[in-house]
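Here is what each chain is made of, one letter per residue.
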Amino acid sequence: MTGFSDLNVFTSMPRVTSLRLAPAGSWLAATVQSVAGDPPAYATSIWRIGTVPGAAPARLTRSAEGEAGPEFLPDGSLLFVSRRPDTASGPDRPGRRAQPADPASDEDDSGEDGPGEDSPGQAGAGPGSTGQPAVWLLPAGGGEPRRIAAPPGGIAGLATAAAAPAFACAAPVFAGATGARQDAARRKARTEAGVSAILHESGRVRYWDHDLGPDTLRLLAGEVTASPAAAGEPDRPAEPRDLTPDAGRAFDEQAFEMTPDGSAVITGWVVPRPGGEFHTELVAVDVATGKRQTLLTASDADFEDPRIAPEGGQVLAIRSGHDTYDRPGDVTLVVTGLGAGTASSGGPGGRDLLPGLDRQPASAVWAPDSRAVYFTADDQGRHPVFRVGLDGGAVTPVTTDDAAYSDLCPSPDGRYLYALRNTIDTPPAPVRIDLQPAAGTGPAAAEPLTSPAPRPEVPGRVEDVRAAAADGTEVRGWLVLPAGASASSPAPLLLWVHGGPVASWNTWSWRWNPWLMAARGYAVLLPDPALSTGYGQEMIQRGHGTWGDKPYTDVMTITDAVVARPDIDAGRTAMMGGSFGGYMANWIAGHTSRFRAIVSHAGLWTLDQMFATTDWPAFWRRTWGDPVRQPGRYEASAPCRHVTEIETPMLVIHGDKDYRVPVSNALWQWYDLKLHNADAKFLYYPDENHWILKPQASRVWYETVLAFLAQHVLGEEWQKPDLL
């Protein structure tokens, strides 16, 4: 028995979700998610992790509402976002002070918190959430957190300055409101009138799982006062300055950073174009005046995730070229100067730091001396760390193990790189990487730091598997094998196709977890077919605009290779997938009857209808064309056109709040299947989205999937979950 044998135990496992390094490099602030409340929900708390292996972690915050988004000020105090109430008795437990940030003066208070999900979410939201998220400050020397900014619409993002007591935040504000008082009055009037309508005049309407509007995000900036209000007086946080009253929809879902001195904020800025198109520029917003200066722009690319050099004069960003009908866009890192006409600007598109690298960078940070950059990228089913110098030198690997790294935090002295490390069989945990290993030893192994979330024991092992496609392309993946799988006891196989589609199976997943299947005796194949990242641009090109062609044949090729193994039972196989994997489930159902059961979560069914209802129609038009003038790709790749060929029992799953793959796909599919007398079930979530986020909703998801697979693959009697 392991934690994967009991779904309640699994959904309650603590989960480390992010890291931030204190200015002096002496400790790390980590966000940890766990289940709390009634009914159960995921709540986030902030923990302190030592930078020396063996140091015990300690919990810093504790409230029913949860805390997230930690960012440090230069003096070591910590800002975070929370919906916790601002009460005189303190936001934490009655009679209990928040844990101090000084690692030398705290006792170990670990043991009760932590889970998370592979998905977007509201910072600081928890089971006790009632109000809007606000910015709070935890003093460096310990004491009670205090609220320092509370816009009426809440906080949607937070950044701090490295060398000044300044912060910037994203906050939704109604059009025409010139301050918090007017914004609050607009909100009150709509609520009292019972009006929820939104009038759109440009831009996108929805994003992932939430409506955009009627308010729009603006960029606010403020300073942190030296001390709270005088004794006996209420703590009235100063109202941050509105830097972008004319933002409209330009600031939607954008990442931003403050310059070290707090004088400017660097952010993405969405520029609309005719036909529903847009591109994202990188702009500098002056904190004193609100004046904007465009730093990076190209009509056929987006500039995102800005990172400002420690010396303050340069900005790093990810440049993502737009897909076209003929080719997928390339992704690279670019750097530009902050000052107008700076020699290192490289023109309006920036200077490419990775001109010869056939990989797509996913995240990046500056080295402390501003002379190099550390970045991560998918690579052959892994997600390693690389280094590239600003002098035009070669890209060199920092890590070479079978792992995925994120949340890179270089130490101020340049000696260490702290990060979260995970693999297919280990969840994210904090590590320390020595950037100056002994000569001749090669890249150093990551040293584990003590995590607030214990590592669970997985029920089996994982292997790297490969096969050759008809055109000679190598198709690889991971094969999760249950304990005991052997030639004398072959395991039934579950093929699980990833989402994206431009993605890779290379990390641990709490949401799509193969070990829950392995605990019940299944082997799980996690393939990276055409369109997958980590194998070069040509691998993505092989499936561009033709999802039913090489992505499908690649999946079948590697499945054929795996079922030929003696430890796999070729007569008992099933298939499942979510998002693009759900599309592939629907496509496979109409093109082969080799599987005993197919599960399609958030799958695409009618591609022309998808174009008109998704939250991101510009993506579809770029890749697939205008469905009126160029219907060919939509028709050739639509799973709905093959419904009469479906013989395999199907379980269709969808959330009503899914705006990326709208629920209309599942509704259309369900009635198509019923019309043609297919053996099918439909698990519908009225209040979930592209992911299934609530702990008990996730439990029911797995209970239903496992019961469906057991019926058709293992020959067991159908057992409807109790809560259904």
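Residues numbered from 1 in each chain as written. Predicted model: local features only at pLDDT ≥ 70, side-chain atom pairs only at ≥ 80, totals over all residues. Heavy atoms only, no water.

## A word on the sheet that holds strand β29 (residues 426-434)
1) Next: Spatially, the four strands line up as an open sheet ordered β27-β28-β29-β30, and their pairing is antiparallel. Edge strands, defined here as strands with exactly one partner in the open sheet, are β27 (404-410) and β30 (447-448).
2) Next: Examined bridge by bridge, strand β28 (residues 416-423) and β29 share seven bridges and lie antiparallel to one another. Along β29, the bridge assignment pairs Ala419 with Val431. (Pairing = 2+ DSSP bridges. Helix = DSSP H or I, 4+ residues; strand = E, 2+ residues; numbered from the N terminus.)

## Digging into the nonpolar core
1) Next: The biggest cluster of nonpolar side chains holds 53 residues, and the ones touching the most others in it are Leu495, Met575, Met584, Ile588 and Trp620.
2) Next: With seven residues, helix α6 (residues 580-589) is the largest single contributor of residues to this core.
3) Next: Ignoring any residue separated from it by four or fewer positions in sequence, one finds Ile588 in contact with Leu495, Tyr552, Val555, Met556, Met575, Phe595 and Ile598.
4) Next: Of all hydrophobic cores here, the second largest spans 39 residues; its members include Met13, Leu494, Val599 and Tyr702. (Core = buried A, V, L, I, M, F, W, Y, C linked by side-chain atoms within 4.5 Å. Buried < 20%, exposed > 50% of the residue type's maximum accessible area, 1.4 Å probe, protein only. Contact = heavy atoms within 4.5 Å.)

## A few points about the pattern of salt bridges
1) Next: Counted according to the given criterion, the structure contains 35 salt bridges.
2) Next: For the salt bridge of Arg594 with Asp560, the shortest nitrogen-to-oxygen distance reads 2.7 Å. With Arg594 in the loop between α6 and β36 (598-601) and Asp560 in helix α5 (residues 550-563), this residue pair connects regions lying 34 residues apart in the sequence.
3) Next: Where salt bridges share partners, they join Arg382, Asp402, Asp464, Arg466, Glu474, Arg476 and Asp528 into one cluster. (Salt bridge = Lys/Arg side-chain N within 4 Å of Asp/Glu carboxyl O.)

## Considerations on α5
1) Next: With 14 residues, α5 extends 20 Å between its outermost C-alpha atoms, agreeing within 8% with the 20 Å of an ideal straight helix rising 1.5 Å per residue.
2) Next: Along α5, the residues that are buried comprise Pro551, Tyr552, Asp554, Val555, Met556, Ile558, Thr559, Val562 and Val563. (Expected span 1.5 Å × (residues − 1).)

## Focus on the sheet that holds strand β18 (residues 292-296)
1) Next: The strand order across the open sheet built from four strands is β15-β16-β17-β18, with neighbouring strands paired in antiparallel fashion. The open sheet terminates on both sides in strands that have one partner only, identified here as β15 (256-258) and β18. Here the strands of the sheet are splayed against their neighbours by 35° on average, with no regard to which way each runs.
2) Next: Of the strand pairs in this sheet, strand β17 (residues 278-286) and β18 are connected by four bridges, and their pairing is antiparallel. Across the sheet, the residue bridging to Val283 is Thr294, located in β18. (Axes fitted to C-alpha atoms, helices over the stretch in contact; angles between N-to-C directions.)

## Examining the pairing of β17
Along a regular strand, successive side chains alternate from one face of the sheet to the other.
1) Next: Along β17, eight of the nine residues are buried, which leaves the element largely enclosed by surrounding structure.
2) Next: Note: strand β16 (residues 264-272) against β17, nine bridges, orientation antiparallel. In the strand pairing of β17, Trp269 is matched with Glu281.
3) Next: Two successive antiparallel strands, β16 and β17, enclose a turn made up of five residues, where Gly275 displays a positive phi of approximately 75°.

## Digging into the side chain of Asp302
1) Next: Here Asp302 shows up in strand β19 (residues 301-308).
2) Next: An unpaired buried charge is present at Asp302: no salt bridge exists, and Arg622, the closest side chain of opposite charge, is 4.6 Å distant.
3) Next: Of note is the side chain of Asp302, whose polar atom sits 3.1 Å from the side chain of His322.
4) Next: With sequence-adjacent residues up to four places away left out, Asp302 is seen in contact with Phe278, His279, Thr280, Ile318, Arg319, Ser320 and His322. (Lys, Arg positive; Asp, Glu negative; His and termini not counted. Polar contact = N/O pair within 3.5 Å; in protein donor to acceptor, adjacent residues only side chain to side chain.)

## Considering the packing of α5 against α6
1) Next: As a packed pair, α5 and α6 sit with axes 11 Å apart at the nearest point and diverge in direction by 80°. On the basis of their axis angle, the class for α5 and α6 is roughly perpendicular. In this structure, α5 uses Pro551, Tyr552, Val555 and Met556 to contact α6, whose residues at the interface are Phe580, Met584, Trp587 and Ile588.
2) Next: The class makeup of the residues in the contact of α5 with α6 is eight nonpolar, no polar and no charged. (Parallel < 35°, antiparallel > 145°, perpendicular 65-115°, else oblique. Nonpolar A, V, L, I, M, F, W, Y, C, P; charged D, E, K, R; others polar.)

## Topic: unusual backbone geometry
1) Next: Backbone torsion omega between Gly213 and Pro214 reads 10°, so that peptide bond is classified as cis.
2) Next: Turning to its location among the elements, Pro214 is positioned in the loop between β12 (210-211) and β13 (216-223).
3) Next: Between Gly500 and Pro501 the backbone carries a cis peptide bond, its omega angle lying at 0°.
4) Next: Note on placement: Pro501 falls in the loop between β33 (491-497) and α3 (515-518).
5) Next: You will see that Ser370, though not glycine, has its phi angle at about 65°, which is positive.

## Overview of helix α10 (residues 664-675)
1) Next: Spanning twelve residues, α10 covers 16 Å between terminal C-alpha atoms, matching the ideal 16 Å at 1.5 Å per step.
2) Next: Taken as a whole, α10 has its buried residues at Asn665, Ala666, Gln669, Trp670, Asp672 and Leu673. Taken around the axis of α10, the buried residues stretch over an arc of 165°, which confines them to a single face. Turned more than 90 degrees away from the buried face of α10 sit Tyr671 and Leu675, all of them exposed.
3) Next: Buried-residue contacts for α10 involve α6, β36, α7 (607-613), β37 (650-655) and β38 (680-685).
4) Next: Residue Asn677 follows α10 closely and has a positive phi angle near 60°. (Arc of directions from axis to C-beta.)

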